[in-house]
Amino acid sequence: MTVDVILPCLNEEAALGWVLGRMPDGYRPLVVDNGSTDRTAEVARDLGARVVHEPRRGFGAACHAGLLAATADLVCFMDADASLDPRQLHAVAAPVIDGHADLVLGARRPRAAGAWPLHARLGNAVLARTLRRRAGVALHDLGPMRAAVRGRLLELGLTDRRFGYPLEMVLRAAAAGWRIAEVDVDYLPRAGRSKVTGTVRGTLRAVADMRRVMAELG
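About the criteria used
Residues numbered from 1 in each chain as written. Predicted model: local features only at pLDDT ≥ 70, side-chain atom pairs only at ≥ 80, totals over all residues. Heavy atoms only, no water. Helix = DSSP H or I, 4+ residues; strand = E, 2+ residues; numbered from the N terminus. Rg over C-alpha atoms; globule rule 2.2 N^0.38 Å. Buried < 20%, exposed > 50% of the residue type's maximum accessible area, 1.4 Å probe, protein only. Contact = heavy atoms within 4.5 Å. Pairing = 2+ DSSP bridges. Axes fitted to C-alpha atoms, helices over the stretch in contact; angles between N-to-C directions.

**Things to note about the overall build of the protein chain**
Point 1. When helices and strands are tallied, the protein chain shows eight helices and seven strands.
Point 2. Taking 17 Å as the expected radius of gyration for a compact globule of 218 residues, we find that the protein chain reaches 16 Å, a close match to that expectation.
Point 3. Viewed in the frame of its principal axes, the protein chain has a C-alpha envelope of about 45 × 40 × 35 Å.
Point 4. In the protein chain, buried positions account for 56% of the 218 residues.
Point 5. Long-range pairs, those at least 24 residues apart, make up 73% of the contacts in the protein chain with a sequence separation of at least 6.

Set out below in structure tokens:
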């Protein structure tokens, strides 16, 4: 089976060599350049990745542009900052491929000091706990590495184009009766400075977007 791997990117030139070099056979990288000012798009093309440009800024905008551009029946999402190892994509995709789950998320497990700052981990834990209580979804991490069938994701009608996109995906999938699961994946120190977890401001912005989505759909 061929799987399209959607990689939302904003200035990830430094990490792309490592990420694309570890992509497993059968997993096709689809880099969504979300207005990078470095050589992200050029590096991705030079390394054989398909590149899609999404001028509208926003994590959700980049993810959804990749979903629309993908052609494989099964898609994965993951960050392109070297914090997640592409060699673990199959562990996330396998339950969907085998028919045991409809949406699988990678539950991040830090493998080095500083990989997941305390403020970001606490914000994620609060949201995951709220999600378990309100939607009855047994998740402990709203991780960015995930897998699902492309056509079914499109049917969910996702509308958020900011940091609420990953949460909206889970909430709408749960409301539609999807089987949602998680598997452990390594979480590594990213290359360069994080736009979200690396700063308190970025984390608060992401949490605010997710709280908004939770209020609307939860």
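This is not the end of the story, as more comes after the structure.
**Here's the deal with the sheet that holds strand 7 (residues 180-187)**
Think of a sheet as strands paired side by side through backbone hydrogen bonds, with each pair either parallel or antiparallel.
Point 1. What the seven strands build is an open sheet, ordered 3-2-1-4-6-5-7; its pairing is mixed. Each end of this open sheet is capped by a strand with a single partner; those strands are strand 3 (50-53) and strand 7. When the angles between neighbouring strand axes are averaged without regard to direction, this sheet yields 25°.
Point 2. Bridge count between strand 5 (residues 103-110) and strand 7: eight bridges; the pairing is parallel. Its bridge partner lying in strand 7, Gly106 is registered against Val183.
Point 3. Lying over the sheet, helix 3 (residues 59-69) contacts strand 1 (3-9), strand 2 (27-33), strand 3 and strand 4 (74-77), oriented at roughly 155° with respect to strand 1.

Note that all results are geometric; they support no functional claim without further evidence.
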